[in-house]
Amino acid sequence: LRELGDVLLLDIVEGLPQGEALDINHQLAEQGIDCIARGSNNYEDMKGSNFVVVVAGVGRKPGMTRMDLLKTNADIVKGVCDKIKNYAPDSKIIVVTNPLDPLTYLVLKSLGGNRKQIIGMGGMLDLSRFKEHISTVTGISRDSVQAMVISEHGENMLPLVRFSSLSGIPLTEFVTAEQSEDLATKTKSIAAQVISLKGATVYAPGNAVSTMVESIVKNKKAILPVSALLEGEYGYNDVCIGVPCVLGDEGMEKIIELRLNENEKQVFDLGVQSVKNAIKSFSL
Ligand code: 2OP
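These remarks concern the structure in this document. Since the structure is predicted, the reported quantities are computational estimates derived from the model, not experimental observations.

### What to know about the packing of helix H3 (residues 100-111) against helix H7 (residues 262-280)
The description of two packed helices rests on the angle between their axes and on the distance between the axes.
Inference 1: Where H3 meets H7, the axes come as close as 9 Å, and the angle between the chain directions of the two elements is 50°. In terms of orientation, H3 and H7 fall into the oblique class. Judged by the twist between their axes, the crossing of H3 over H7 is right-handed. Side by side, H3 and H7 meet where Asp101, Pro102 and Tyr105 of the first sit next to Val275, Ala278 and Ile279 of the second.

Put into structure tokens, the structure is as follows:
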């Protein structure tokens, strides 16, 4: 829809990606968009891809946390890494499979790639939800909302009211402390509600990935929350976690370090510990 390029849908279920591709092409044709969608069950077809978006894995069921998927999805994603190594080793990779931050780390280490090239999509999705709640609570257009969500895409997510604004005017001038708390709580819990209502989240994650790809393809250098490998930033090393990043044609070009207050730092530290515990379980 954003005319960023052709798309190959790969799935192990025979017929499903081909059917999706047909449906998508029908929509694109009517809109006069010349990007082509193709469906395949053959990984070899990914040869020459500029981007690989890793969504393979099982989704969480109502009542599960993202971290509950660790073992099952780590095994699936390791298999996908072997295919990427064979067919698209130079592509830029966006990991979407949960638990997002540990699996972004797993892909980075399995492929031996660099942190510019391999990132995870979690914060962008959390940000979509945070923006929606901010607009609802304040009654101000979604178009005027600027916001940021960092830390783990999971139990220690950190929506940052202090770093959010309505057209540059600090959000704190529009909401009470109680409303701020409520905004953060809702942002953290809303995915579970979507899953219990319709089984999976689909449109907002797809849009979030597109925004990341667009910033890279067009070399926009947008600052977006992305799961990236820390190398000393925020006082940590060797862990992937959500932080604001500049995305341009090199991929993840720079991590922006925010001056967090004590309360914010506490949640961020818990997020890092949670991801570090999870990645200990990988044999890399
Ligand atoms: C989401 O937040 C399930 O992590 C996925 O929509």
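### Notes on the site of the ligand
Inference 1: Taken together, Arg66, Asn98, Leu125, Arg129, His153, Ala191 and Thr201 make up the full set of residues adjacent to the ligand.
Inference 2: Taken together, the residues of the shell around the ligand sort by class into two nonpolar, three polar and two charged.

### Observations regarding helix H6 (residues 203-217)
Inference 1: Here H6 contains 15 residues, and its C-alpha end-to-end distance of 21 Å stays within 8% of the 21 Å for a straight helix at 1.5 Å per residue.
Inference 2: Taken as a whole, H6 has its buried residues at Pro205, Ala208, Val209, Met212, Val213, Glu214, Ser215 and Ile216.
Inference 3: Of the residues one or two after H6, asparagine 219 is the one with positive phi, at around 50°.

### Structural notes on the packing of aromatic side chains
Inference 1: Evaluated as defined, the whole model comprises two aromatic pairs.
Inference 2: Aromatic pair tyrosine 234 and phenylalanine 268: ring centres 5.0 Å apart, planes at 35°, arrangement tilted. Note that tyrosine 234 is positioned in the loop between strand S11 (222-231) and strand S12 (237-248) and phenylalanine 268 in helix H7, a separation of 34 residues in sequence. Each member of the pair, tyrosine 234 as well as phenylalanine 268, carries the same accessibility label: buried.
Inference 3: Seen in terms of ring centroids, tyrosine 236 and phenylalanine 268 are 6.5 Å apart; in terms of plane orientation they differ by 45°. Their pairing is tilted. Taken together, the residues tyrosine 236 in the loop between S11 and S12 and phenylalanine 268 in helix H7 connect sequence positions 32 residues apart. Across the pair, phenylalanine 268 and tyrosine 236 agree in class, each one buried.
Inference 4: Three or more aromatic residues joined by ring pairs form one cluster here, namely Tyr234, Tyr236 and Phe268.

### Section: helix H4 (residues 123-138)
Each α-helix turn comprises 3.6 residues. Residues three or four places apart therefore point the same way.
Inference 1: Here H4 spans 22 Å end to end across 16 residues, near enough to the 22 Å set by a 1.5 Å rise per residue.
Inference 2: For H4, the full list of buried residues reads Gly123, Met124, Leu125, Asp126, Leu127, Arg129, Phe130, His133, Ile134 and Ser135.
Inference 3: Glycine 139 occupies a position one or two residues after H4 and carries a positive phi of about 75°.

### A look at the sheet that holds strand S9 (residues 165-166)
Inference 1: Pairing is antiparallel in the open sheet, where three strands are placed in the order S6-S9-S10. Where the open sheet ends on each side, the last strands, each with one partner, are strand S6 (145-146) and strand S10 (169-170).
Inference 2: In terms of strand pairing, S9 meets S10 through two bridges, oriented antiparallel. Counterpart to serine 165 in the pairing with S10 is proline 170.

About the cut-offs
Residues numbered from 1 in each chain as written. Predicted model: local features only at pLDDT ≥ 70, side-chain atom pairs only at ≥ 80, totals over all residues. Heavy atoms only, no water. Axes fitted to C-alpha atoms, helices over the stretch in contact; angles between N-to-C directions. Helix = DSSP H or I, 4+ residues; strand = E, 2+ residues; numbered from the N terminus. Parallel < 35°, antiparallel > 145°, perpendicular 65-115°, else oblique. Left-handed = near helix turned anticlockwise from the far one by under 90°. Contact = heavy atoms within 4.5 Å. Near = heavy atom within 4 Å. Nonpolar A, V, L, I, M, F, W, Y, C, P; charged D, E, K, R; others polar. Expected span 1.5 Å × (residues − 1). Buried < 20%, exposed > 50% of the residue type's maximum accessible area, 1.4 Å probe, protein only. Phe/Tyr/Trp six-rings, centres within 6.5 Å; stacked < 30°, edge-to-face > 60°. Pairing = 2+ DSSP bridges.

This is a description of form; function is not addressed.
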